[in-house]
Amino acid sequence: MVSRRPFVGGNWKMNTDLASAVELADEIAASCGQLVEHCDIAVYPPFPYLQAVGRTLGHHGVQLGAQDLYPQPDGPYTGEVSTDMLLDLNVQVVLAGHSERRHVIGEDDELINAKVRRALEAGLNVVMCIGETHEQRQAGQTNQVNINQLRSGLREVGIDQLRQVTIAYEPVWAIGTGKVAGPGDAEAVHRLIRRNIADLYDEDAARSIRIQYGGSVNADNAADLFARGEIDGGLVGGASLDAEQFMAIVRAAVEAKEVNHEARSR
Ligand code: PEP
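Values in this document were obtained by computation on a predicted structure and should not be read as measured data.

Draft legend 1. Structural view of the overall build of the chain. Counting secondary structure elements, the chain contains eleven helices and eight strands. For the chain, whose C-alpha radius of gyration is 17 Å, the value lies close to the compact-globule estimate of 18 Å for 266 residues. Each of the 266 residues in the chain was classed as buried or not, and the buried ones make up 52%. Looking at the chain alone, contacts between residues at least 24 apart form 74% of all its contacts between residues at least 6 apart. When the accessible area of the chain is evaluated, it comes to approximately 12100 Å², of which 46% is carbon and sulfur surface. Taken together, the 24 basic and 37 acidic charged side chains of the chain have centroids lying 6 Å from each other.

So this is what it looks like as structure tokens:
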């Protein structure tokens, strides 16, 4: 039985300023303690604060993440950031396909796939986000939308590279809205994702890949979500801007994994 290590990420989006980003990183680093031994923890500050946040996180074990990348090594791409630049700042993990990039900035599946492949080639870990909009859910398209985004995002990603990939299932209607998916509904999509990974790769890959849930996760609802064996942690937006709340979510992920593990070994 594969026991997947939980993974909780804090996506700060276009929030904080230099002082508050450093303060938040400092609070997280100071309170992560032993939790990093049981859970991968990452924060994704805005690009301009990556270096300062990275320095503040120091060697406490919290990973430095980037919210985006551009899939070209260098050149005339005004405003964009390459994987080499991220690696220079000791970034370990990068988001690709976040719903705000898909639906606000207008990124398509092809660009997201190029970003995923470029990040993997550079040796970065990738959290690839997928999820349906409210209209798509209402129209009964939830499964198809998630399958399409999953398959096109992973096009030409080899099984060896899959170890560097985490999927974040983030229903768009739940992001930043306070409307969290029911744990059962979220788990059903996570199962669907795992079945498709088995189909694209193999059963081992499906059992090993981590799938985070994202969409209005907070300290009050995290335990119920993470109690579902299919949910391997969360990608957290709003609630990650408060260190105490973010660390409560991390604790919920660690506790849920312990309970699920005991239940399986009984
Ligand atoms: C996110 O940014 O990926 C997210 C899930 O945001 P929130 O937790 O605020 O819904």
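Draft legend 2. Highlighting unusual backbone geometry. Despite not being glycine, Lys-13 has its phi angle at roughly 50°, a positive value. Among the secondary structure elements, Lys-13 is positioned in the loop between strand S1 (7-11) and helix H1 (18-32). Owing to a relative accessible area of 17%, Lys-13 belongs among the buried residues under this scheme. Although it is not a glycine, Thr-16 adopts a positive phi angle of roughly 80°. Summarising the element assignment, Thr-16 is placed in the loop between S1 and H1.

Draft legend 3. Structural view of the packing of helix H7 (residues 142-153) against helix H8 (residues 183-200). The N-to-C vectors of H7 and H8 enclose an angle of 40°; their axes lie 10 Å apart at closest approach. It follows from the interaxial angle that H7 and H8 lie oblique. Once H7 is placed against H8, the crossing between them reads as right-handed. Taking contact as the criterion, the partners of Thr-142, Asn-143, Asn-146, Ile-147, Leu-150 and Arg-151 in H7 are, on H8, Val-189, Leu-192, Ile-193, Asn-196, Ile-197, Asp-199 and Leu-200. Here the contact of H7 with H8 is composed, by residue class, of seven nonpolar, four polar and two charged.

Draft legend 4. Local environment of the packing of aromatic side chains. Tallied over the full model, the rule gives two aromatic pairs. Arranged with centres 5.0 Å apart and planes meeting at 40°, the rings of Tyr-70 and Tyr-77 form a pair that is tilted.

Draft legend 5. Up close: the nonpolar core. Counting residues in hydrophobic clusters, the biggest one holds 71 residues, and the most contacted among them are Ile-41, Ile-197 and Phe-226. If one sorts the elements of this core by residue count, helix H11 (residues 243-265) sits on top with nine residues. Residue contacts for Ile-41: discarding those within four places in its chain leaves Val-8, Cys-32, Leu-35, Val-36, Gly-61, Val-62, Gln-63, Phe-246, Met-247 and Val-250.

Draft legend 6. How the structure looks around the pattern of salt bridges. A full pass over the atoms with the stated rule returns 20 salt bridges. Arg-194 is the salt-bridge partner of Glu-230, the closest N and O atoms lying 2.6 Å from each other. Separated by 36 residues along the polypeptide, Glu-230 in the loop between helix H10 (222-226) and strand S8 (234-236) and Arg-194 in helix H8 bring together distant segments of the chain. Taking the relative accessible area as the measure of exposure, Glu-230 reaches 15% and is therefore buried. Since its relative accessible area comes to 8%, Arg-194 is described here as buried.

Draft legend 7. Summary view of the sheet that holds S8. Sheet architecture is closed into a barrel: eight strands sit in the order S1-S2-S3-S4-S5-S6-S7-S8, paired in parallel fashion. This sheet shows a mean twist of 25° between the axes of neighbouring strands, independent of strand direction. Strands strand S2 (40-44) and strand S3 (63-66) of the sheet are contacted by helix H2 (residues 50-57), whose axis makes an angle of about 165° with S3. This element, helix H5 (residues 109-121), spans strand S4 (93-96), strand S5 (125-130) and strand S6 (165-169) of the sheet and lies at about 165° to S5.

Draft legend 8. Representation of the site of the ligand in the model. In the vicinity of the ligand, 14 residues are found, and the nearest of them are Lys-13, Glu-170, Gly-176, Ser-216 and Gly-237. In this structure, Gly-237 approaches the ligand through a main-chain N or O atom, which is 2.8 Å from an oxygen atom. Between Gly-238 and the ligand, the recorded distance is 2.8 Å, taken from a backbone N or O atom to an oxygen atom. Contact with the protein chains hides 95% of the accessible area of the ligand, taken as 300 Å² for the molecule alone. In terms of residue class, the shell around the ligand is made up of four nonpolar, eight polar and two charged.

Draft legend 9. Here's a closer look at the packing of H5 against H7. Between H5 and H7, whose axes approach to 8 Å, the crossing angle comes to 45°. When the axis of H5 is compared with that of H7, the two are oblique. Between H5 and H7, the residues in contact are Asp-109, Asn-113 and Val-116 and Gln-149, Ser-152 and Gly-153, respectively. Within the contact of H5 with H7, the residues separate by chemical class into one nonpolar, four polar and one charged.

Reading guide: rules and limits
- Residues numbered from 1 in each chain as written.
- Predicted model: local features only at pLDDT ≥ 70, side-chain atom pairs only at ≥ 80, totals over all residues.
- Heavy atoms only, no water.
- Helix = DSSP H or I, 4+ residues; strand = E, 2+ residues; numbered from the N terminus.
- Rg over C-alpha atoms; globule rule 2.2 N^0.38 Å.
- Buried < 20%, exposed > 50% of the residue type's maximum accessible area, 1.4 Å probe, protein only.
- Contact = heavy atoms within 4.5 Å.
- Areas by Shrake-Rupley, 256 points an atom, 1.4 Å probe, with all protein chains shown as cover.
- Lys, Arg positive; Asp, Glu negative; His and termini not counted.
- Charge placed at Lys NZ, Arg CZ, Asp CG, Glu CD.
- Axes fitted to C-alpha atoms, helices over the stretch in contact; angles between N-to-C directions.
- Parallel < 35°, antiparallel > 145°, perpendicular 65-115°, else oblique.
- Left-handed = near helix turned anticlockwise from the far one by under 90°.
- Nonpolar A, V, L, I, M, F, W, Y, C, P; charged D, E, K, R; others polar.
- Phe/Tyr/Trp six-rings, centres within 6.5 Å; stacked < 30°, edge-to-face > 60°.
- Core = buried A, V, L, I, M, F, W, Y, C linked by side-chain atoms within 4.5 Å.
- Salt bridge = Lys/Arg side-chain N within 4 Å of Asp/Glu carboxyl O.
- Pairing = 2+ DSSP bridges.
- Near = heavy atom within 4 Å.
- Polar contact = N/O pair within 3.5 Å; in protein donor to acceptor, adjacent residues only side chain to side chain.

Coordinates in, geometry out; function isn't part of it.
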